[in-house]
Structures are given as structure tokens and as C-alpha cells.
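Below are the chains, spelled out letter by letter.
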Amino acid sequence: MKVFVTALTPILLTIAPAAAQDHSAHTQTSPTQTTPAEDAVPHAGHDMQMPSESSSPAAAGDGPASAADLYFDPIVMARAREQLRIENGEVITHAVIVDRLEATSSDGVEGYAWDVQAWYGGDINRLWWKSEGEGAFDGDVEHAELQFLYSRAVTPYFNLQGGVRQTSRPAGDRTDLVLGIQGLAPYWFEVDGDVFVSNEGELTARAQAEYDLRLTQRLILQPRGEVSLSAQDIPEFAIGSGVTNVLVGARLRYEITRSFAPYVGVEWSGAVGDTRNFIQSNGDDPNTTRVVLGVRALF
Amino acid sequence: MNPDRRTLLKLAGGAGLASLTPLLPAWAQSGSAGIAPTLPTLSGADIALTVGHTPFSVGGRNGHAVTVNGTLPAPLLRLREGQTARLSVANTLDEDTSIHWHGILLPFQMDGVPGVSFPGIRPRETFVYEFPVRQAGTYWYHSHSGLQEAMGHFGPIIIDPTAPDPVAYDREHVLILSDWSFLHPHEILRRLKASPGYFNRQRTTVAGLLSGDDRMSAEERRMWAGMRMDPRDILDVSASTYTYLINGHGPSENWTGLFRPGERVRLRIINAAAMTIFNFRIPGLPMTVVQADGENVRPVETDEFQISVAETYDVIVQPTEDRAFTIVAEAMDRSGMGRATLAPRLGMTADVPPLREVPNLTMRDMGMDMGSMAGMTGMDHGGMDHGGGMNMRDPALAPPNMAVGVGVQSISPMAENRLSERPTGLENVDHRVLVYTDLVALNPNRDTRPPSRTMQIHLTGNMERFMWGFDGRRFSELVEPIRFAPNERVRVTLVNDTMMSHPIHLHGHFFELVNGHPGNQPLKHTVNVAPGGRVSFDLTADNPGDWAFHCHLLMHMHAGMFNVVTIRPLDEAAS
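Residues numbered from 1 in each chain as written. Chains lettered and ligands numbered in written order. Predicted model: local features only at pLDDT ≥ 70, side-chain atom pairs only at ≥ 80, totals over all residues.

S.K.: Please give an account of the pairing of strand β11 (residues 242-254) of chain A that cites residues and values.
M.R.: Residues and elements named next belong to chain A. Two strands pair when backbone bridges link them, and strand β10 (residues 219-230) and β11 are joined in this way by 12 bridges, in the antiparallel orientation. If you follow V227 over to β11, its bridge partner there is V246. Where β11 lies against strand β12 (residues 260-271), 9 bridges are found, and the strand directions are antiparallel. By the bridge assignment for β12, R251 is matched with G265. Here β11 hands over to β12 after 5 residues, the two strands then running antiparallel side by side. (Pairing = 2+ DSSP bridges. Helix = DSSP H or I, 4+ residues; strand = E, 2+ residues; numbered from the N terminus.)

Below is the structure:
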């Protein structure tokens, strides 16, 4: 199959322009080859007669900065200019992304989980809020966290994020400083990687990635993976140093609208290394497989 | 049958359009016999316009519009070359408004751009525009405040020439194209910022790969995905929220314009959409293009043309048969169409052609040469996204004044002059298609001086963040204006570093499109720069003052693709 596709691609790519030229022969479309060279800019070296790309004549800097000030109250014009500036680029807006809001079932234990984000701000600077957690319907919240972050766009695809995280578990709470990167990797992977330093001095990290595989325009399979790490043992939370946990899952959603998509899915999570030993010594199962039923929403 | 106006009104009522009637100016009502002196257009020395809120219905749904004199589209203004236009605009909104006279040559302080030409019109205030009318042709007017234009604040202008019109016709109709959404335009923009593909329901899928319907191999998809580029990102906002209107009528309302077989019918077509580039055709009826952007061109016959946002085209059609013809304004992304009818009698319809297949963008739309790509693809796919000449964001290719930051997703390595190429989606259609090199000014260009300097402006963007700008900057970042001296002759080259089309509009001037017809370069106020392409125009900066210069895709402008052109020193007499 791969060989076939590889062989086909160059053929497809050469057919396309050839076909376009075929048609141009019997329409008004001039062939591409006769493209006028008039737009040649000096450094392209095509047109010796063209003058250089130079700055505007000195006279062009004369006169008032705002010509309309000659006709209208300059104070009123200054206000209008500021409004113009805001209306052409400074879009301050917000979004709420409910990535996962789901009921879970694992070995007869019914529970719930959520992963919600929201942001407010402009193109570069945003306030970002994230929350995720899980619990059993007939028990405590097993794990709940809330992050408040400042997010700054640093590359076309990635944001640098920093702030604080508050985590609650039955065994105790933690407050962490967070430093992370969130964005879009090549091949359309949504990724998020964070490093945490807790108020107890513990260093942990987490990386996650998800991908939207469009089966049809509305039916989307979303594989998702997550890896957690710790620089030290944290016995009270049954966390060992090294890679602590690996999670993989897949959710199949149907976008009734872009803003509302119910889904079903399955997720496997396994403790690794010393963490696994901690969990096993507590008499718990280090692996969990869950069936999930939920909804993804965008507001 | 030659229906007089009374018959028409009766017919309109009989066809159940009575409820629509008050919301449409007479020329835009279905069954229009055309623009005739008997129809109530607004003309004369004093014209009063009122901007306000109006309910609007289309497709059986009710929405809220911002209108001029209570109609969507706004009244037709019929002016005469040589007259002085005096237009008083009253604002009954609770927010500022404005009217920009698109394509009209006038003193800058009458151009109607708040913050550039004047302060804007405050709520419950009236502003009187007054300017001499120095030109003839088809133009339009619209709000330049916020996103009011997207809510219905636009209308047509016809200026009759003093000299005999070189275009002969027996009847004329205005066709003003637009896109209507029941979502507020600010909400549309918010969703685009939150999820740039929000309105795109035509992306490539696994199903499309398996069935072959996507017309794209797995290897090509992999290449696009590696670049984080979507080959189906044709228009940002689609029929998933838009209803495409012709003269304020949705496809099911089917606006109908009348003709008598054998007549030469002049259609004045205006694209007043906020975000939609249309491909326009009338199946079975060849069109002779006689005017572009209000300026006469040598007649050229075609079967289809692309009309970018804010452009106008006048065409002559001569239907000889006693039958109806469907007017098709298909959105460039093929997600929907505006539909209307030309017919000898009201109630007649013709077949409505189905939407054609969604176009796929190519490497050429990224400003990458197709020929060498084919070779590269065959040899080494890995080279595409990182490596040498095919780097899609090489800052070394940017001019020194360009800011290569977060807002620049790509820089076209080989942006080509694409004026002779058929526009997006029409590459392979089986009939004649107008291309920009077909446009030749009817009259010789007045300024024959060679340009004294050149200037390059890059059209930049980041589709993932929905950021747009010139030379890598949004206008909000306090950019330097583009400066010209009076009567300076400059060749400006626009380089499209993005994969989207951008209709670039300069206020207060016509520029000459450098399209291979020296001496008769067509005059335009708006030019569509093809994805990954470049366009040059010669400008004689003969109108001192401050002028807006921007992408006319309203959301692109609002996201930052805007700047001010200053021409200094000002005429001493003006101050």
C-alpha cells in the first residue's frame, strides 16, 4: 500500500498543473509562462529599468500626523484613533473548552472525570485556567486540580505558561508552581507539558498529547496519551521517583455541532516503577481500564 | 408581457413576499423590472440616510440587522458625475456608526473611516458628507465602524457618466452579494479565535481518503499535516453559519430580475460580503465584462468570474430565449451559494446547479513552486517541512522591516505573479474563466510616468491563532503608516505569505494593476491577492490626506490586517 501511494504522489502532483494548462489553451487564460515580469522587484534582478526600493521622500513626513485634526477636534480624533487601533488587531476575547466531562466505569466502580480549560485575553497574552480531576460517584473526589496560569504566545504554535496549581487528594493537598508549554505540534498533535514544584519542594512533571482523527466531518476519533514523572518518592501519594504513570485512551465523538459533541471511549492507565510498587504494597491495582461516556463542549 | 410597476407590486404581494416588502428597497425586490427612473432610488443634491436597527428574515428565521433607512441592502444611491453629493447620515444606534463610500474619489475627511478621516458619527448625531462627484460607474457604501457591515449596513451606488456611456444596454439590474449569519459577527470572530477551523465542515477525512472523494493521497495529507496547514482552509467562515444573499434574498427566496428576450441587460455585481469570495456564473448565458471596480474595461466575454470581497464587475448579458436563467454566486469554498433568477416573467425558474467539489489547495498556494515540489515529493518527503529552500518560514526571505513573530506562520519562498492564473477552485472548470490579465482599461492610463520607487508589503498571518497583519504586524501594535508624497508614482508589490486570498483595498484612489497591459493597466480599488501569490500595482498618490488600506475580509481587518496610508504634505488650500 505504501509503495503504491509513494509511486502515485509524484504523478498526481504533475498531473494537476498539466491539466490546468490544458484548459488554458482553449480559454482566455494565458499560459503561466507568459506571466508578465512587470512586478519584478530590484533584488530579483529581472528589470533593469525599475528604480530601487527606497524609503518615501522626505517631504512625505511633513504636516500633521493626523490629517483629520485639521478638520475635527484633535482630542476627539485622538479618541477615535485609539478606538481604531483597538478595532484593528486588539481582539480581547475568551473561550471555555470542556475537553472531557465524562462518566467512567471500571471494574464495577462508577465514577466521573473532567478536564476543562478556559482563557481570556488577546493574541499574545492570556489568562488561562485549567481544571481536571476524577472521583467515584459513591466516594470522595480522588484527585482534583485547578491551575491559574499566565500564558504567552512565544512561537506561531506554542504558548509558554506559568502560574500556580492547587491539587486536592484524600491524602492531602499540594500547591505547586507551574511552568509549561502548550500548543500544536507538527501533524496536528495538541500537546501540553508542565513541570511542577510543590510547596513541599517536590519536583514533578506531566506531558500529554491528543490528536483528532477525522473519520468523517462529524465523527472524530481522538487518541490521547499522558505520561507523569516525579523526581523523588512521595510516599503519602504513593508516587515513586521516575516515570510514575502512563495513560492511553481513545474517544470517539460525534460533533452534533462544533460546540457540542457526545463521545464514548476507553482508557487504560498503569502505574510504573516505584509508583507501581507503592500501589501494589497498598493492596491496590496499579492498572485501571475504564470505559467512558461523556461530552466535549466549546463555549 | 411587460409588467408595469403596479403589476409587479401586486405580483410580489401575491407571491407571499408582502412581509419582506417593507424591508427591501424597490430595486432589490423580487420581480424587479430593473433600475428605472420610476423606481424610488435616492438621488439628487440632498440625500438623507438613517442608520438603525431592523429585524431581518431569511429562510424562515428572524434576525437582527443594522441597516440604512430600514432596508437590507441599503437604498441604491444614484448620482451623476459632476454633481455635488450631499448626504446627511443620522445615527439612531446606541453605538458609533459611519459610512465609507467605497471606491469614490473624494477629499479624505469625507471618506468615512473613524479614526482616519473623521471621528465617526456618535449616537443620535447626524454627519453631513459633501463632495464633488468626479467619476462614473458602479460602487457601494458601507459602515466602517466595528463589524456593522456584516450585519447589513451596505448598499449600492451607481454614478451616471456625463459623457455618453460607452456601454450600451436596454435594462440594468444591481446584484449585491452578501453573507448573512444569525450569529453576531463578534461571536463568529470569537469562535475563529478559539478554534480556527470552527466553521469548516469540508476538511479532509479518513472516509474521504478511502473513497477517493478528497482527491488527495495519504502522502500528501501527511505532508500538509507535517506543516500544520489545512489544504481545505479556503474561506474562514462558511455556509455552516452563512446564508448567501443576492439583493437581500436567500436562495429559497430566489430574487428574480426581469428581462425581455433580446435585450442587452447590464448587471452591476457588487460583492458586499463580510467574509465570502464568490464564483459568479449564469449557466447558459455568456457574460461580457465591461467594467471592473467602476472603471470601464475592454469588453471581454467569459462564462464565469471570481469576485473577491469589495470588488465590483459590470457585465452585459443578452438572453434571447424566452426562458429563465439561474444566477449562481457560489462561495469559493463550495459550502453554499447565493442564487437568483433572470426571467422574462416572475415565477419562472431554471435548474439550480449542484455545488461543485471542494477545491484542494496546492503547494503553489503556499508560494512554493509546483514543479520542484513534484520532484521533491518523489525523492524526499522529509525535506518538506524543514530543510533548505523548502523551509516554509525562513526569516531570511522576509524584508528587513518585517516582524517575523508569532503572527507569521509562513513566508512564501517563491511567491509568484498569479494574475494570469485561474482563481482558486476554477482551475479545471470546463468553460471560460476570467483572469486578471484579461482586464484592459478602456481608456489609456493618464499617468504614464514610470514609477520613481518600489515598495513591497507582505500580507502575513497565523491561521492557527487567527492573527492577520501587514509585514508581520497587526495595526494595533502601533505600526508606522505607509507614506507617499503627493503625485508620487510608486510600484507597490503585495506578497501573500499566507494560504488565504486577501482582497486588499486602498481608499481614495484607484491603482493600476500591473498585468501586462502597459498604458492600459486596469484601474482597481480592490485587488485579490491569491494564496502564496504576488500582485503589483502602480499608484499615483494624487489625493493628499490619510487613507485606510486593508484586507476587505472583515474579520482579517478586525484581526489587524489594516494600515493607514498618508500622503504629505497636504494641499495648502485644503487647510
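Text resumes after the structure shown.
S.K.: Could you give me a rundown of the sheet that holds strand β24 (residues 482-484) of chain B, with the residues and numbers involved?
M.R.: All names here are of chain B. Judged by pairing direction, the sheet is mixed, and its 5 strands sit side by side in the order β24-β32-β31-β26-β29 without closing on themselves. One side of each edge strand has no neighbouring strand; the edge strands of this open sheet are β24 and β29 (526-529). Taking the axes of each pair of neighbouring strands and ignoring which way they run, one obtains an average angle of 20° across the sheet. (Axes fitted to C-alpha atoms, helices over the stretch in contact; angles between N-to-C directions.)

S.K.: Residue-level account of unusual backbone geometry, with values.
M.R.: Note on backbone geometry: most residues besides glycine have negative phi, and most peptide bonds are trans. Across the junction of L72 of chain B and P73 of chain B, the peptide omega takes the value 0°, indicating a cis bond. Looking at where P73 of chain B falls in the secondary structure, it is placed in the loop between β3 (61-68) and β4 (77-80). Residue P569 of chain B is bonded to the preceding R568 of chain B through a cis peptide linkage, with omega at -5°. Secondary-structure assignment places P569 of chain B in the segment after β32 (562-567). One non-glycine residue, D107 of chain A, lies in the positive phi region at around 50°. The residue D107 of chain A is located in the loop between β1 (93-106) and β2 (109-121) in this model. Unlike most non-glycine residues, R228 of chain B shows phi in positive territory, near 55°.

S.K.: Describe in detail helix α4 (residues 218-226) of chain B, supporting the description with residues and values.
M.R.: All names here are of chain B. When we look at burial in α4, the residues that qualify are E220, M223 and W224. All buried residues of α4 project into a common sector of 95° when viewed along the axis, lining one side. Looking one or two residues past α4, R228 carries a phi angle of roughly 55°, positive in sign. (Buried ≥ 20, exposed ≤ 12 C-beta atoms within 10 Å, placed from the backbone. Arc of directions from axis to C-beta.)

S.K.: Mind laying out the environment of E263 of chain B, listing which residues take part and the relevant values?
M.R.: Residue and element names in this part refer to chain B. Looking at the element boundaries, E263 is found in the loop between β12 (255-258) and β13 (265-271). Along the backbone, E263 and P319 are 56 residues apart, and their C-alpha atoms lie at a distance of 6.9 Å. For E263, the residues in contact, after removing those within four places along its chain, are D170 and R171. (Contact = placed C-beta atoms within 7 Å.)

S.K.: Tell me about the pairing of strand β3 (residues 125-136) of chain A, residues and numbers included.
M.R.: Residues and elements named next belong to chain A. Pairing analysis gives 11 bridges linking β2 to β3, with the strands arranged antiparallel. For A118, the partnering residue across the bridge sits in β3 and is W129. Where β2 folds back onto β3 in an antiparallel hairpin, the turn is made up of 3 residues. One ladder, built from 11 bridges, connects β3 with strand β4 (residues 141-153); its direction is antiparallel. Across the sheet, residue K130 finds its bridge partner in β4, namely Q147. In textbook terms, the turn of a hairpin is the stretch between consecutive antiparallel strands, and for β3 and β4 this stretch comprises 4 residues.

S.K.: So what's going on with the sheet that holds strand β5 (residues 84-91) of chain B? Residues and values would help.
M.R.: Consider a sheet: its strands pair through backbone hydrogen bonds, and that pairing is either parallel or antiparallel. All names here are of chain B. Reading across from one edge, β3-β2-β5-β7 is the order of the 4 strands in this open sheet, with mixed pairing throughout. Single-partner strands in this sheet number two, and they are β3 and β7 (126-132). Averaged over neighbouring strand pairs, the angle between their axes works out to 25° when direction is ignored. In the sheet, strand β2 (residues 46-58) pairs with β3 via 8 bridges, with the strands oriented antiparallel. Bridge assignment links V58 to a residue of β3, and that residue is R61.

S.K.: Residue-level account of the environment of H431 of chain B, with values.
M.R.: Residue and element names in this part refer to chain B. Mapping H431 onto the fold places it in the loop between β21 (416-417) and β22 (453-462). Sequence-wise, H431 and E304 are 127 residues apart; in three dimensions their C-alpha atoms are separated by 7.7 Å. Not counting chain neighbours up to four residues away, the residues in contact with H431 comprise D303 and E304.

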